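Breakdown of the fold
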Amino acid sequence: MSQTNNHLLHSGLAWVWISIIVVILDQVSKIWADTTLVFGQPVEILPFLNFTLLYNTGVAFSFMADAGGWQRWLFTGLAAVISVIIMVWMARTPRSQIWVNSALAMILGGAIGNNLIDRLLYGHVIDFIDVYYQQWHWPVFNIADSAITVGAIMLLIDAIWFADENANVK
């Protein structure tokens, strides 16, 4: 086995299976939502949760959704660059850093699901999870959004509480 292959086996890329699971769950749920739900019509699941099919041509919280279409290619390109950066980061992170690698893998899976697959195939991101309290609704989101959010929170936690421990890991 070559030195490079041996390094990759011991790198954070061993955790890319989490990204694959995120992409599969995200895409299967979006296909279900797109073929089952009626656009814009909420289906109550729980007193605080609806499934409401919406399409987002912008980024988080529909920012830049009405920009005219050019943003599709910008966000797709950014997602591709960010995905490569995350994979390099994972390749340089020891496999033993489970927390960081899991966080990066979730962000990678979410970026691929939302910004590469959805934008390339459909020209928009499919959202359908609508969490609310009384009349206040959180922006509708999907599994990829959830994975990105959880992964980002995990990275923040790691940076705040575990930075000293990770500096000593080789």
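Provided above is the structure to which this section pertains.
Keep in mind the model is a prediction, meaning the values are calculated, not measured.

A short note on the pairing of strand 3 (residues 125–133)
The element strand 3 is largely enclosed, with a buried count of seven among its nine residues. Bridge analysis of strand 2 (residues 49–56) against strand 3 gives six bridges, and the strand direction is antiparallel. From the neighbouring strand, Asn56 faces strand 3, where its bridge partner is Val125. Note that strand 3 and strand 4 (residues 136–137) share two bridges and pair antiparallel. Pairing of Tyr133 across the sheet is with Trp136, part of strand 4.

Some points on unusual backbone geometry
One non-glycine residue with positive phi stands out, namely Gln134, at about 55°. Note on Gln134: relative accessible area 56%, which makes it exposed.

Let's talk about the pattern of salt bridges
All chains considered together, the criterion is met by two salt bridges. Residues Lys30 and Asp26 are paired through a salt bridge, measuring 2.8 Å at the closest nitrogen-oxygen approach. Of this pair, Lys30 and Asp26 both sit in helix 2 (residues 16–36), separated by four residues, roughly a single helical turn. Taking the shortest distance from any N to any O, the salt bridge between Asp118 and Lys30 comes out at 2.7 Å. A residue pair is termed long-range when its members are at least 10 positions apart, and Asp118 in helix 4 (residues 98–122) and Lys30 in helix 2 qualify at 88 residues. Per residue, the accessibility class of Asp118 equals that of Lys30, and both read buried. Members of the salt-bridge network, linked through shared partners, are Asp26, Lys30 and Asp118.

The rules behind these values
- Chains are numbered independently. Their residues run from 1 in the order of the written sequence.
- Restriction of local features to residues with pLDDT of at least 70 applies here, the model being predicted, together with a cutoff of 80 or more for giving and counting side-chain atom pairs; totals for whole chains, interfaces and linings are based on all residues.
- Remark: hydrogens and water are excluded; side-chain values derive from all non-hydrogen atoms of the structure.
- Throughout, exposure labels follow a simple rule: accessible area from a 1.4 Å probe, protein chains only, divided by the maximum for the residue type, with under 20% read as buried, over 50% as exposed, and the rest as partly exposed.
- Numbering of helices and strands runs from the N terminus; a helix is a DSSP stretch of H or I covering at least four residues, while a strand is a stretch of E covering at least two.
- By definition, two strands form a pair when at least two bridges between them are found by DSSP.
- Counted as salt bridges are all cases of a side-chain nitrogen of Lys or Arg within 4 Å of a carboxyl oxygen of Asp or Glu.

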